[in-house]
Amino acid sequence: MAAEIIDGKAISQQIQAEIKTEVEELKQKHNLVPGLAVVLVGEDPGSQVYVKNKGIACQKAGIKSLEFRKPADFPESELLQLVQELNQNPEVDGILVQLPVPKHINEKKILYAIDPAKDVDGFHPFNVGRLMIGDPIYLPCTPAGIQELLVRAGTKIEGAHVVVVGRSNLVGKPIAMILVQKAKNANATVTVCHTRTPNMADHTRQADILIVAAGKPKAISGDMIKPGATVIDVGVNRLETGLCGDVDFESAKLVAGKITPVPGGVGPMTITMLLKNTLRAARLRLEKSGK
Ligand code: BQF
């Protein structure tokens, strides 16, 4: 039997409508418009698409988006200065520096300079630490989107065996941490596989929920999937033929119970969770100001 397709785009639109309503309420009750600063250095074609997606999504939800586009040779010191200005700017609730940054810039140095209270990407060590100890403030957007997709698709997480393929700081490690937590919509048993895992298929075939963030097109095929499993494809590989996931969709959909497509699966949810974090940042600022 063919798998049910998890429609990330439709689920995203629904959540974005919910966020829009909450943003309007914040405006009416507190005269507060959430603001997101997006910084793009260089002309990476993927990054340009992502920044555009984020700007449009903000606008639709009533969130003010401020874009800062800088040339590829923009000095690290000036980028640091820009981040510090945005940290101080009262119109800015969230700050996002689009990754990857050009090679002459130390990515960690920039990410660590962002005020953790404005770190809506959830990459600052403070927020990573808060997640690790089970007291998160901002969850990183892609893992947060994956958890939300699983919940809204009706896949039971508690007690499930989740197998994650990939151990990046952006996706693999944080999604493992989120789903293993003693918390609602979590309590899974989690295995993390990576490039040095021998006999990877022995692990992936055990998964009730298989999350693939391998960074390699079609790394997972149908024969590596347990019949009926939920398969979440985090891959965004730009090939000449278009966007392609890390899962071989054609063979996987014949075996899986539910599966996310690429495009239209996890990607739109990543953007949606960014809006959610920005709204949260605005609310937290309001609380702090005592209004
Ligand atoms: C879709 C990203 C790797 C490295 C840095 C919708 C996006 C992608 C796909 C998107 C991503 C990937 C983003 C779809 C943001 C997700 O319809 O399938 C939206 O805009 N993303 C990013 O900002 O940085 C990345 C992937």
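Report follows, based on the coordinates. Remember, predicted model here, so these are calculated numbers, not experimental data. (Residues numbered from 1 in each chain as written. Predicted model: local features only at pLDDT ≥ 70, side-chain atom pairs only at ≥ 80, totals over all residues. Heavy atoms only, no water.)

Description of helix H10 (residues 266-289)
- Taking 1.5 Å as the rise per residue, H10 with 24 residues should run 34 Å; its terminal C-alpha atoms sit 35 Å apart, in good agreement.
- Among the residues trailing H10, glycine 290 stands out with phi positive, at a value near 75 degrees. (Helix = DSSP H or I, 4+ residues; strand = E, 2+ residues; numbered from the N terminus. Expected span 1.5 Å × (residues − 1).)

A short note on helix H7 (residues 172-180)
- The set of residues buried in H7 consists of Gly172, Pro174, Ile175, Ala176, Ile178 and Leu179.
- At its buried positions, H7 is contacted by helix H5 (125-132), helix H6 (141-152), strand S5 (161-165), strand S6 (189-193) and strand S7 (209-212). (Buried < 20%, exposed > 50% of the residue type's maximum accessible area, 1.4 Å probe, protein only. Contact = heavy atoms within 4.5 Å.)

Some details on the site of the ligand
- Around the ligand, the structure places Tyr50, Asn53, Lys54, Gln98, Leu99, Val236, Pro263, Gly264, Gly267, Pro268 and Ile271.
- Take glutamine 98: an N or O atom from its side chain is 3.0 Å from an oxygen atom of the ligand.
- The contact in question runs from an oxygen atom of the ligand to an N or O atom on the backbone of glycine 264, over 2.9 Å.
- Protein chains bury 75% of the 530 Å² of accessible surface belonging to the ligand in isolation.
- At the level of elements, helix H2 (45-61) and H10 are the ones that each hand at least two residues to the shell around the ligand.
- Partitioned by chemical class, the residues of the shell around the ligand number six nonpolar, four polar and one charged. (Near = heavy atom within 4 Å. Polar contact = N/O pair within 3.5 Å; in protein donor to acceptor, adjacent residues only side chain to side chain. Areas by Shrake-Rupley, 256 points an atom, 1.4 Å probe, with all protein chains shown as cover. Nonpolar A, V, L, I, M, F, W, Y, C, P; charged D, E, K, R; others polar.)

Some remarks on the packing of helix H1 (residues 8-30) against H6
- Where H1 meets H6, the axes come as close as 11 Å, and the angle between the chain directions of the two elements is 100 degrees. Taken together, the axes of H1 and H6 lie roughly perpendicular to each other. Between H1, through Gly8, Ile11, Gln14, Ile15 and Glu18, and H6, the contact on the second element is made entirely by Glu148, Leu149 and Arg152.
- Considered class by class, the residues forming the contact of H1 with H6 number three nonpolar, two polar and three charged. (Axes fitted to C-alpha atoms, helices over the stretch in contact; angles between N-to-C directions. Parallel < 35°, antiparallel > 145°, perpendicular 65-115°, else oblique.)

Things to note about the pairing of S6
- Bridge count for S5 against S6 is five bridges, and the pairing is parallel. By the bridge assignment for S6, valine 165 is matched with cysteine 193.
- In this fold, the crossover linking S5 to S6 by way of H7 has right-handed handedness. (Pairing = 2+ DSSP bridges. Right-handed = clockwise from strand over helix to strand, strands pointing away.)

Some words on the sheet that holds strand S4 (residues 94-97)
- Spatial strand order, S3-S2-S4: three strands in an open sheet with parallel pairing. The sheet terminates laterally at strand S3 (64-70) and S4, the two strands that pair on one side only. Taking the axes of each pair of neighbouring strands and ignoring which way they run, one obtains an average angle of 15 degrees across the sheet.
- Relative to S4, strand S2 (residues 35-41) runs parallel, the two being bridged by four bridges. In the strand pairing of S4, leucine 36 is matched with glycine 94.
- Running over the sheet, H2 touches S2, S3 and S4 and is turned about 160 degrees from S3.

Honestly, it's all geometry; don't read function into it.
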